[in-house]
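If you want the building blocks of each chain, they are given just below.
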Amino acid sequence: MFRWSISRRRWLFAYATLAPVVAIYLYIRILPIGQTFLMSFRNWDLISVNKPFIGFENYLELLRDVTFLRSLRNTTVIAFGIVFLSVPLSLLVAVLLATPRKLNPFYETAYFLPVVTSMVPATLAWKWILDANEGPMNQFVGWFGVEPQAWLINPRLALFSVILLSSWKILGYNMIIFLVGIRNIPQDLYAAATIDGAGSWQRFRYVTLPLLRPILLFVSVITVIQSYNVYTQVYVLASDAQGAPGYVVRVLVYDIIENGFRFFRMGYASAEAMMLLVIVMTLTLIQFVTLRDRA
Amino acid sequence: MKVLRKLSAISMLVLLTSVALGQTLSIWSGFPEMEAFYQRVADDFTTDNPDVNIEILTQPLRDYERRITVALPSNSAADILEISSSFAARLVQGGLMPPLTEDLQTFVRGDAFNDFFVENASFDGDVYGVPLFRGQGALFYNIEMFEEAGLDGPPQTMAEYLDYAQTLTARDDSGDPTRSGWSLRLTGGGSGVAEKFWTILHQFEGSLVEQTDDGSWVAGYNNEAGAEALRYYVDLVNKLDTVNPELRGDAEGFQLGTTAMFIRESWVIGDIASKTPDLPYATALLPRGTIAIPVNLYVTNDNPLAYEFIEYALKPEHQLWLVENVGWLPNRQDIDYTPVVESIPQLEAFLNIPEDHVLFTVPPISAIDEVQTRFAERLVAAYINADLVDNPEGIQAFLAEAAEETNQILSRAGLQ
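The text that follows walks through the structure, step by step, so that each part is easy to find.

What counts, and at which threshold
- Residues numbered from 1 in each chain as written.
- Chains lettered and ligands numbered in written order.
- Predicted model: local features only at pLDDT ≥ 70, side-chain atom pairs only at ≥ 80, totals over all residues.
- Core = buried A, V, L, I, M, F, W, Y, C linked by C-beta atoms within 7 Å.
- Buried ≥ 20, exposed ≤ 12 C-beta atoms within 10 Å, placed from the backbone.
- Helix = DSSP H or I, 4+ residues; strand = E, 2+ residues; numbered from the N terminus.
- Pairing = 2+ DSSP bridges.
- Axes fitted to C-alpha atoms, helices over the stretch in contact; angles between N-to-C directions.
- Parallel < 35°, antiparallel > 145°, perpendicular 65-115°, else oblique.
- Left-handed = near helix turned anticlockwise from the far one by under 90°.
- Contact = placed C-beta atoms within 7 Å.
- Nonpolar A, V, L, I, M, F, W, Y, C, P; charged D, E, K, R; others polar.
- Expected span 1.5 Å × (residues − 1).
- Arc of directions from axis to C-beta.

1. Side note on the nonpolar core
Working step 1: Ranked by internal contacts, the top residues of the largest apolar core, which has 119 residues, are I80(B), W182(B) and L379(B).
Working step 2: Among the elements that take part in this core, helix α17 (residues 368-383) of chain B stands out by supplying eight residues, more than any other.
Working step 3: With 57 residues, the next largest nonpolar core counts A79(A), A158(A), L159(A) and A269(A) among its residues.

See the structure below:
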């Protein structure tokens, strides 16, 4: 009589347990991506019956579309701006909070508070802060002799404003991840480095940073992915009376939504979505290759 | 037997619950200020139909348009939708909304509405929408600011608009404007920027899109009229410095006193009445003519209550209440609006239109929203581009490039 070995039964149990989750994941995540991919090769009008196959026409049009190219440029500037601003800052804050101090829980809570605040009310508060006429930001820069600025109207400043707000929002999350990583580094290594004469910078440079590389990889990847999907803060921050952001901070997700649900061009919007997917996956792969090898 | 009794009791309970809950009728609108109007009509309607539960949903226009675009193909839209005729055109052409009942079509084609509104609510020989109100522009100006500047009335020509804008601009010690003489729509997304530009373009006898003799559509602004209109904006922003994007403008700026005059639709009258009722202001006709965008009611299914509700909404007392309290202009022409104009003189420029005043509308063609939105994005950049000052070649190049994009969109939509 055939009898399953314990090992095989364990494997079967594992597969059986995972199967529903995998099935749901395939259905709600992978299948829509596949459908979007197929739609991108059609002239898929949201409301017309005929949806003819047009090959790569949508993709070729994207390369000529100045609005798409501007959206791509803005999104890239915002994504990398957020990574370059938030990742080092959150690492710095995490290092400062890693040493046990009495007020650490207060600071950790204070830095984490923006993460749990809803994006819309937080952005509305920033919209007031950055208001050209009444916002405190202009008062702040005025102390340094800087003239009042149109933070949300000037195209460059509007991009900077989105980077600033998004970095403030994500800083607490990244800080907590770094903090967990730093606290898991064995104290013996720091003690050995100190005995060898290493100062605090050298301990950070040669002990903390190398051991944090996997965490740094995770934080960078997550920040890039989230930043490329930037939408809500841009929509609220740069919306006009009609509730639509102007050209100054047009980003990819907004362009996709506008083409799909405003101009009914679902095929074209799908091609844009696929481009976004490819960009994010490529960047993630690059980060994996460059950071994982060294980790 | 016991089972039968139980089943009978459950059936009775379900029946009683259905009666108690009554029928539901849903109405969606893209103009939040219209909620009070629909609520008033609903109150009237439910007085005669107490079993009907009416659900009214309003939200900002762009979000609303996205909502109905998704809801209609999935048959999850409200029974009655309030949509501008230009936006509704694609939905009707896509077969997503049925024509009105024969009775209602006959009523719409009768004397109640001007042909302009009937045509804009029709497609392929059938009437699909019931004309409800229109968005129509006119000049709003602050009487006190005009008197302080020694101006005894509104500008009559476009040259006077330019002079008035300079005279009415207030500046601080360093010469920077603190109050715009004439607030122009310089920023924002969507098609609003292009629509406002179109109104100025119209004064110079231009149009954003034009239909040729063979029925196709082309960009209509790559010409002298377009250059004049754009030069107006560029000069006022960059050369004369009478207005800039940072200054609060539009209805909000007008109410706060940071602009002396601006062009807008009649809803501003209702807005001013609720927010700054003591504001001394008047309205005036534009030099040549203005925009009029019809907004209609469409029925998405065969719910008879929907048609009955629309009949209630068209009652003269509700139409008069609409213009008096919300500010949007009812489209029924068989109602005497004199008492309303007497009580709100600012409505004169909206309701008593001379015959030679040329009205235009956004044509109900499928690609018009994309044409306007894309052109608007270019305009926003051009308005603040100081390089275009005294640069007719630069303006011409801008218009040519934008017109090429417009024509591409029209061509892709099969309109060329």
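2. Some details on the pairing of strand β11 (residues 261-265) of chain B
Residues and elements named next belong to chain B.
Working step 1: In terms of burial, β11 is a largely internal element, five of the five residues being buried.
Working step 2: Of the two faces of β11, the one carrying M261, I263 and E265 and the one carrying F262 and R264 are both buried.
Working step 3: With five bridges joining them, strand β6 (residues 129-142) and β11 adopt antiparallel strand pairing. Within β11, the position partnered with Y141 by the bridge is M261.

3. Focus on the packing of α17(B) against helix α18 (residues 392-412) of chain B
All names here are of chain B.
Working step 1: At a closest axis distance of 9 Å, the pairing of α17 and α18 adopts a crossing angle of 165°. Relative to α18, α17 is oriented roughly antiparallel. Helix-helix and strand crossings are classified by hand; for α17 and α18 the assignment is right-handed. Here E370, V371, R374, F375, R378 and A382 of α17 come into contact with α18, specifically with F398, A402, E405, T406, I409 and L410.
Working step 2: Here the residues of the contact of α17 with α18 are counted per class, giving seven nonpolar, one polar and four charged.

4. Some details on unusual backbone geometry
Working step 1: Of note, the phi angle at F264(A) is positive, near 65°, even though the residue is not glycine.
Working step 2: Take F264(A): it is sitting in the loop between α12 (252-262) and α13 (266-294).
Working step 3: Phi is positive for D241(B), close to 50°, though the residue is something other than glycine.
Working step 4: Checked against the element boundaries, D241(B) lands in the loop between α10 (224-239) and α11 (250-256).
Working step 5: In this structure D241(B) comes out as partly exposed when scored by C-beta crowding, with 16 C-beta atoms within 10 Å.

5. Some details on helix α2 (residues 35-48) of chain B
All names here are of chain B.
Working step 1: Counted at 1.5 Å a residue, the expected span for α2 with its 14 residues is 20 Å, and the 20 Å between its end C-alpha atoms agrees.
Working step 2: Looking at α2, one finds that the buried residues are F37, Y38, V41, A42 and F45. Taken down its axis, α2 places every buried residue within 130° of arc, on the same side. Exposed residues on α2 whose side chains face more than 90 degrees from its buried face are D43 and T47.
Working step 3: Residues of α2 that are buried sit in contact with β1 (23-29), β2 (52-58), α13 (304-313) and α14 (316-326).

6. Section: the pairing of strand β13 (residues 289-299) of chain B
Residues and elements named next belong to chain B.
Working step 1: Extensive coverage of β13 is indicated by the burial of nine of its eleven residues.
Working step 2: The pairing of strand β3 (residues 80-84) with β13 spans five bridges and is classified as antiparallel. The partner of E82 across the bridge, within β13, is L297.
Working step 3: When β13 meets strand β15 (residues 358-360), the two strands line up parallel, connected through three bridges. Residue pairing across strands places T290 opposite L359, the latter belonging to β15.

So far we have only geometry, and geometry alone does not tell us how the molecule works.
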